[in-house]
Amino acid sequence: MIKRGFLCGLFSFLFCFCYAQRGKDFLLTKQRDTLFGKITMDMGKAPITFVHQKQKITFHPTTIQSFGVFNGEAYQIYETLSSEKGQAIFVEVVAKGKANLYKYVEKRIATNSTQDRYVYFFGTSKEELTVISSSNYRRILGAFLSGHPSLIEQLERTAFDEIPNLIQSYNDLEDSIRKKSGR
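Because the structure is predicted, anything quoted here is derived from the model rather than measured.

Here we take up the pattern of salt bridges. Enumeration according to the criterion identifies six salt bridges in this entry. A salt bridge links Asp 25 to Lys 38; its shortest N-O distance comes to 3.7 Å. Of the two residues, Asp 25 sits in strand 1 (residues 25-29) while Lys 38 sits in strand 2 (residues 34-42), which places them 13 residues apart along the sequence. Since its relative accessible area comes to 2%, Asp 25 is described here as buried. Its relative accessible area of 47% is what places Lys 38 among the partly exposed residues. A salt bridge links Lys 96 to Glu 79; its shortest N-O distance comes to 3.5 Å. Placement of Lys 96 in the loop between strand 7 (88-95) and strand 8 (100-109) and of Glu 79 in strand 6 (residues 75-82) is noted, with a sequence separation of 17 residues between them. Overlapping salt bridges bring together Glu 79, Lys 96 and Lys 126 as one network.

Okay, here's the thing in structure tokens:
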């Protein structure tokens, strides 16, 4: 009985300790340490500024694995990936599952100005990602979703900014197929 009471007290303490970090931003270092604090960033672009125990630290994509920013209701998660040119970049995790989708904000140089635009990195693994832009998403996703007529039909009605919903539908469909087959 004493042992059970001790274990209940211990688990209650641990629960309260873990709950104390909720609502704080976090980052995961290359050494897999998690630090909690406050992150400031410019639209997910590198570098980010992290305030931990009153210390300001700047992190670049080559120095951390991922980070999360708490927006009041949930976390926006960012991971480090390599761009097509081999440069380490921060990308927002938009969908995870059989198909992964990451959002990246890039600078685009126009004739007389620079503009920020976003693209998606899409694929079944981090090692093999395809860049999806507003001009090529129907072609690329159409080929990927060719085995799912209902999703092809949905793709025809999908705007570029609605791609995360389509990929989530694909992941949900694949999960239900996997569960039904018992894999």
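This part covers the pairing of strand 3 (residues 45-52). If a strand is regular, its side chains alternate between the two faces of the sheet. Relative to strand 3, strand 2 is paired through four bridges, and the arrangement is antiparallel. Each bridged residue has a counterpart across the sheet, and for Ile 39 the counterpart in strand 3 is Phe 50. Examined bridge by bridge, strand 3 and strand 4 (residues 55-59) share five bridges and lie antiparallel to one another. Opposite Thr 49, over in strand 4, you have Thr 58 as the bridge partner. Where strand 3 folds back on strand 4, the antiparallel hairpin that results is connected by two residues, among which Gln 53 adopts a positive phi of roughly 50°.

Before going further, it helps to spend a moment on the packing of helix 2 (residues 137-144) against helix 4 (residues 163-181). Between helix 2 and helix 4, whose axes approach to 13 Å, the crossing angle comes to 5°. Taken together, the axis directions place helix 2 and helix 4 in an arrangement best described as roughly parallel. On the side of helix 2, the interface is formed by Tyr 137, Leu 141 and Phe 144, while helix 4 contributes Ile 163, Leu 166, Ile 167 and Tyr 170. Of the residues contributing to the contact of helix 2 with helix 4, the split by class is seven nonpolar, no polar and no charged.

In terms of nonpolar packing, the biggest core is built from 17 residues, with Leu 101, Phe 122, Ile 132, Leu 141, Ile 163 and Ile 167 touching the most fellow members. Of all the elements, helix 4 adds the most residues to this core, at four residues. Look past the residues within four positions of Ile 163 in its chain and what remains in contact with it is Leu 101, Tyr 120, Ile 132, Tyr 137, Leu 141 and Thr 158. Counting residues in hydrophobic clusters, the runner-up holds ten residues, among them Ile 48, Phe 59, Phe 67 and Phe 90.

Relative to the assigned elements, Gly 72 resides in the loop between strand 5 (64-70) and strand 6. The exposure class of Gly 72 is exposed, given its relative accessible area of 54%. As for Gly 72 and Lys 24, which are separated by 48 residues in sequence, their C-alpha atoms are 9.5 Å apart.

Take unusual backbone geometry next. Phi angles above zero are rare outside glycine, and Gln 53 is one such case at about 50°. Along the chain, Gln 53 falls in the loop between strand 3 and strand 4. Despite not being glycine, Lys 54 has its phi angle at roughly 65°, a positive value. Its location among the elements puts Lys 54 in the loop between strand 3 and strand 4.

This part covers the side chain of Glu 79. A relative accessible area of 13% means that Glu 79 is categorised as buried. Here Lys 96 takes part through its side chain, which lies 3.5 Å from a polar atom of the side chain of Glu 79. Discounting residues that sit within four places of it in the chain, Glu 79 has contacts with Gln 65, Ser 66, Ile 89, Phe 90, Val 91, Val 93, Lys 96, Tyr 102 and Lys 126.

Analysis parameters
Residues numbered from 1 in each chain as written. Predicted model: local features only at pLDDT ≥ 70, side-chain atom pairs only at ≥ 80, totals over all residues. Heavy atoms only, no water. Salt bridge = Lys/Arg side-chain N within 4 Å of Asp/Glu carboxyl O. Helix = DSSP H or I, 4+ residues; strand = E, 2+ residues; numbered from the N terminus. Buried < 20%, exposed > 50% of the residue type's maximum accessible area, 1.4 Å probe, protein only. Pairing = 2+ DSSP bridges. Axes fitted to C-alpha atoms, helices over the stretch in contact; angles between N-to-C directions. Parallel < 35°, antiparallel > 145°, perpendicular 65-115°, else oblique. Contact = heavy atoms within 4.5 Å. Nonpolar A, V, L, I, M, F, W, Y, C, P; charged D, E, K, R; others polar. Core = buried A, V, L, I, M, F, W, Y, C linked by side-chain atoms within 4.5 Å. Polar contact = N/O pair within 3.5 Å; in protein donor to acceptor, adjacent residues only side chain to side chain.

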